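Each chain, written out:
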Amino acid sequence: MPFRDQLLTCQSCGETFVYRVEEQRLQKEMGLELEPPTRCAKCREDVDTGPGLRAGIVKWYQEDKHFGFISQGNGSDIFFHRSGIEGDPTKFVENTPVWYEVTETDRGLQAVNVHLRE
Ligand SMILES: [Zn+2]
């Protein structure tokens, strides 16, 4: 089945949002059912952990590439860049528990203020 952007209406706030191809592909890669979300990303985030910090685990980070991904509590991964790391980037190895915040960029959601969860 080819992926394509779907326009959906959020059941919480009533706003129209896009169920993006990248999101669908990610669900597929994670072996999840392709399930269109019922709420927009913002409302889902609010439900997730509330505003502010979320807990995640570093899926991988490559210092030479200056970016990596965090496995989120909701099962999806989120991109993070070296500039979003607080502290020593060499400590952000696979399976490191971290706190992070989510911000929306023109390239999609991105984790910022990524720091060690101890
Ligand atoms: Zn909404």
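Quick notes on the rules
- Residues numbered from 1 in each chain as written.
- Predicted model: local features only at pLDDT ≥ 70, side-chain atom pairs only at ≥ 80, totals over all residues.
- Heavy atoms only, no water.
- Helix = DSSP H or I, 4+ residues; strand = E, 2+ residues; numbered from the N terminus.
- Rg over C-alpha atoms; globule rule 2.2 N^0.38 Å.
- Contact = heavy atoms within 4.5 Å.
- Areas by Shrake-Rupley, 256 points an atom, 1.4 Å probe, with all protein chains shown as cover.
- Lys, Arg positive; Asp, Glu negative; His and termini not counted.
- Charge placed at Lys NZ, Arg CZ, Asp CG, Glu CD.
- Buried < 20%, exposed > 50% of the residue type's maximum accessible area, 1.4 Å probe, protein only.
- Polar contact = N/O pair within 3.5 Å; in protein donor to acceptor, adjacent residues only side chain to side chain.
- Domains from an automatic or database assignment.
- Buried area = accessible area lost by both parts, 1.4 Å probe.
- Salt bridge = Lys/Arg side-chain N within 4 Å of Asp/Glu carboxyl O.
- Nonpolar A, V, L, I, M, F, W, Y, C, P; charged D, E, K, R; others polar.
- Pairing = 2+ DSSP bridges.
- Axes fitted to C-alpha atoms, helices over the stretch in contact; angles between N-to-C directions.

**Topic: the overall build of the protein**
Regarding its fold elements, the protein presents two helices and seven strands. Along the chain direction, N to C, the helices and strands of the protein fall in the order β-β-α-α-β-β-β-β-β. In summary, the protein has a C-alpha radius of gyration of 15 Å against a globular reference of 13 Å for 118 residues, a match within 12%. Across its three principal directions, the C-alpha atoms of the protein cover 40 × 30 × 25 Å. The long-range share in the protein, meaning contacts at least 24 apart out of those at least 6 apart in sequence, stands at 44%. Within the structure as shown, the protein displays about 7,600 Å² of accessible surface, and the carbon and sulfur contribution to it stands at 49%. Taking the 14 positively charged and 20 negatively charged side chains of the protein as two groups, their mean positions are separated by 3 Å.

**With respect to the side chain of Asp77**
Assignment of secondary structure puts Asp77 in strand β5 (residues 77-81). The buried category is assigned to Asp77, whose relative accessible area is 11%. A polar contact of 2.6 Å, which involves the side chain of Asp77, links it to the side chain of Lys59. In contact with Asp77, other than residues within four places in its own chain, are Leu26, Met30, Lys59, Phe69, Ile70, Ser71 and Gln72.

**So, the domain arrangement of the protein**
For an interface, size is often stated in terms of accessible area lost upon the parts coming together. Each assigned domain of the protein is listed with its residue range as follows: domain 1 (6-48) and domain 2 (52-116). Counting from both sides, the interface comprises five residues of domain 1 and, opposite them, ten residues of domain 2. Each partner contributes to the roughly 650 Å² buried at the junction of domain 1 and domain 2, and carbon and sulfur atoms together form 45% of this total. At the junction of domain 1 and domain 2, the tally comes to one salt bridge. The closest approach of N and O atoms between Arg20 and Glu104, which form a salt bridge, is 3.9 Å. Scanning the region where domain 1 abuts domain 2 turns up zero residue pairs in polar contact (both at pLDDT 80 or more). Across the side of domain 1 that touches domain 2, the residue classes break down as two nonpolar, no polar and three charged.

**What about the sheet that holds strand β3 (residues 54-62)?**
Taken together, the five strands give a closed barrel; going around it, the order is β3-β4-β5-β7-β6, and neighbouring strands pair in mixed fashion. Strand-to-strand, the axes of this sheet are offset by a mean angle of 50°, without reference to chain direction. As paired strands, β3 and strand β4 (residues 67-72) are joined by six bridges and run antiparallel to one another. Bridge pairing links Tyr61 to Gly68 in β4.

**What about unusual backbone geometry?**
Phi at His66 takes a positive value of approximately 70°, unusual for a residue other than glycine. Looking at where His66 falls in the secondary structure, it is placed in the loop between β3 and β4. The partly exposed category is assigned to His66, whose relative accessible area is 34%. With a phi close to 50°, Asn113 is a non-glycine residue in the positive phi region. Residue placement: Asn113 occurs in strand β7 (residues 108-116). Judged by relative accessible area, which is 24%, Asn113 ranks as partly exposed.

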